[in-house]
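What the coordinates show
For reference, the chains in residue letters:
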Amino acid sequence: MLYPLTFLPIFKERIWGGRNLATLYAKTLPPDRLIGESWEISDRPGDESVIARGPLQGKTLHWLMEQCPAELLGSRRKVPPRFPLLIKILDAQETLSLQVHPPHAVAAALGGEPKTEMWYVAQTGPGAEFFVGLKKGVNRAEFESKLAGQTVAECFHRIPVKPGDAMFLPSGRVHALAARTVIFEIQQNSDTTYRVFDWNRVDEQGKGRQLHVEQSLASIDFTDIEPPLLSRQTIPAHPGTIRPLVKNELFEVNLRQMAGNDALNLAAGRMEIIGVTEGALRIESGGDTIPLSAGQFCLIPAQCPASTVHASAPVSFLQIYAGAMEN
């Protein structure tokens, strides 16, 4: 019988990263390195999350997918070869490259994988914003002209952001995360990114990062004009409130808020991931207790003893579900 699972984070050094994941979430980062990403739940080849506690400690998420996919995911028409989601926390202390992920229709021809994702803003500093989609009036010809002149950022729709803001990023939506922003990222299991422009940035050896201009131009949806942030509207629930964020064939994400002494019984038979954005909670399941604080995630397998989320003080957390479509 499976049980609620936590995993060891996988840290990724990035030229635009920082040290906020240690400050905000008490993560033990490797010393003297700029960490831009913490992969919290991953089944990428070479980056397979390792179970942190319990009888299966030391086993990987991919091992679970091979040994007991139905117990983990629940009933599905087809078992995917890899866990269908990738969950990250990003610390952007410099602006990321202007980039795009290929849509399903062109990904295979380009040698990549489609990647649809969403961002939830956890912390911001002065000037925090999203570059997302194109400004009104921008077409492909103007985009290519500005790209050749190193001014392509002028084509992007820019949105100031603050904690609690969220954005949906379907494959094909050109985007970038600006400096001084920490986000939670939920995405389909893919790691294909095409950089269209990287601000002429160079590393310690004076080398710029690889660009993928041809692939980017083939992937960008040039009809995607000035997309809005996701709604902040909440719905009364028992207990607390629910803020629906995304629901599509790939994943469903809601933000749940509960007051102190609230308890939430989780639905049986459906895999669920709990990710704490603010505060702390505990998950009780079959006599086991799993404490979670901000920046921590727990995967509740579909075939798991009845589980309950308890809050001793106000808490906000993401409820994440895999959709019906397999990668």
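Check the entry above for the structure.
In this report, we go over the structure that sits alongside the text. Since the structure is predicted, the reported quantities are computational estimates derived from the model, not experimental observations. (Residues numbered from 1 in each chain as written. Predicted model: local features only at pLDDT ≥ 70, side-chain atom pairs only at ≥ 80, totals over all residues. Heavy atoms only, no water.)

**Some words on the sheet that holds strand β24 (residues 307-310)**
Read across the sheet, four strands follow the order β19-β24-β21-β22 without closing on themselves; strand pairing throughout is antiparallel. In this open sheet, the two edge strands, each paired with only one partner strand, are β19 (263-265) and β22 (288-293). Sheet twist, expressed as the mean angle between neighbouring strand axes with direction ignored, is 20°. Relative to β24, strand β21 (residues 280-285) runs antiparallel, the two being bridged by four bridges. Within β24, the position partnered with E284 by the bridge is T308. (Pairing = 2+ DSSP bridges. Helix = DSSP H or I, 4+ residues; strand = E, 2+ residues; numbered from the N terminus. Axes fitted to C-alpha atoms, helices over the stretch in contact; angles between N-to-C directions.)

**Quick word on the pairing of strand β9 (residues 117-124)**
In terms of strand pairing, β9 meets strand β12 (residues 166-169) through four bridges, oriented antiparallel. Its bridge partner lying in β12, W119 is registered against M167. Here seven bridges tie β9 to strand β14 (residues 181-188), and the two strands are oriented antiparallel to one another. Each bridged residue has a counterpart across the sheet, and for E117 the counterpart in β14 is Q187.

**Description of the sheet that holds strand β23 (residues 297-300)**
Overall, antiparallel pairing links the six strands, which are arranged β16-β17-β18-β25-β20-β23 in an open sheet. The two strands at the open ends of the sheet, each matched to only one other strand, are β16 (235-236) and β23. Pairing of strand β20 (residues 272-278) with strand β25 (residues 315-322) involves five bridges; the strand directions are antiparallel. Counted as the bridge partner of V276 is F317 from β25.

**Considerations on the environment of V79**
Its location among the elements puts V79 in the loop between α3 (69-73) and β7 (85-92). Residue V79 is classed as partly exposed on the basis of its relative accessible area, which comes to 45%. It is 31 Å that separates the C-alpha atoms of V79 and H175, two residues lying 96 residues apart in sequence. (Buried < 20%, exposed > 50% of the residue type's maximum accessible area, 1.4 Å probe, protein only.)

**Let's talk about the pattern of salt bridges**
Scanning the model with the defined rule gives 22 salt bridges in all. A salt bridge links D288 to R53; its shortest N-O distance comes to 2.7 Å. With D288 in strand β22 and R53 in the loop between β6 (50-51) and α2 (61-67), this pair connects stretches of sequence that are 235 residues apart. For R232, the salt bridge is made with D165, and the minimal N-O distance between the two is 3.1 Å. (Salt bridge = Lys/Arg side-chain N within 4 Å of Asp/Glu carboxyl O.)

**Things to note about unusual backbone geometry**
Trans is the prevailing form of peptide bonds, just as negative phi is the prevailing case for residues other than glycine. With an omega dihedral of 5°, the bond running from H238 to P239 counts as a cis peptide bond. Topologically, P239 is positioned in the loop between β16 and β17 (241-247). With a phi close to 55°, A26 is a non-glycine residue in the positive phi region. Topologically, A26 is positioned in the loop between α1 (20-25) and β3 (35-41).

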